[in-house]
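Architecture at a glance
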Amino acid sequence: MNELIGFVNGNSIRQKVLSLLASKGEMEGKRVSKTLRVVYPTIAKTLEELEEKDLIAKKEEVYFLTETGTKIEKMVQQI
């Protein structure tokens, strides 16, 4: 768990993506990019990293927090 918190805290874009998905629910990658005003290739790489760590999942083109992602996002907010 601490490893995942460190992974998220180590990158402000990861933090922002998790926070955004926590507050807005599910979103397409391009919408995440526009909302955060970060170029899409950076967001695509970040989404891929978060998905590999099982913090988010993808159904068709829509990303959403997993149960683990929700827990980690809440813990990161408290730091």
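Our subject is the structure that appears above.
These numbers were taken from a predicted model, which means no experiment stands behind them.

1. A look at helix 1 (residues 2-9)
- Burial in helix 1 covers these residues: L4, I5, F7 and V8. Seen along its axis, helix 1 keeps its buried residues to an arc of 160 degrees; they face one direction. Across helix 1 from its buried face, at more than 90 degrees, point the exposed residues N2 and E3.
- Where the residues of helix 1 are buried, they touch helix 2 (12-24), helix 4 (40-52) and helix 5 (67-78).

2. Things to note about the packing of helix 2 against helix 5
- Relative orientation of the contacting elements helix 2 and helix 5 amounts to 115 degrees, with a least axis distance of 10 Å. When the interaxial angle is binned, helix 2 and helix 5 end up roughly perpendicular. Note on packing geometry: the crossing formed by helix 2 with helix 5 is left-handed. Contact with helix 2, carried on its side by Q15, L18, S19 and A22, involves I72, E73, V76 and Q77 of helix 5 and no other residues of that element.
- Tallied by class, the residues present in the contact of helix 2 with helix 5 amount to 4 nonpolar, 3 polar and 1 charged.

About the cut-offs
Residues numbered from 1 in each chain as written. Predicted model: local features only at pLDDT ≥ 70, side-chain atom pairs only at ≥ 80, totals over all residues. Heavy atoms only, no water. Buried < 20%, exposed > 50% of the residue type's maximum accessible area, 1.4 Å probe, protein only. Helix = DSSP H or I, 4+ residues; strand = E, 2+ residues; numbered from the N terminus. Arc of directions from axis to C-beta. Contact = heavy atoms within 4.5 Å. Axes fitted to C-alpha atoms, helices over the stretch in contact; angles between N-to-C directions. Parallel < 35°, antiparallel > 145°, perpendicular 65-115°, else oblique. Left-handed = near helix turned anticlockwise from the far one by under 90°. Nonpolar A, V, L, I, M, F, W, Y, C, P; charged D, E, K, R; others polar.

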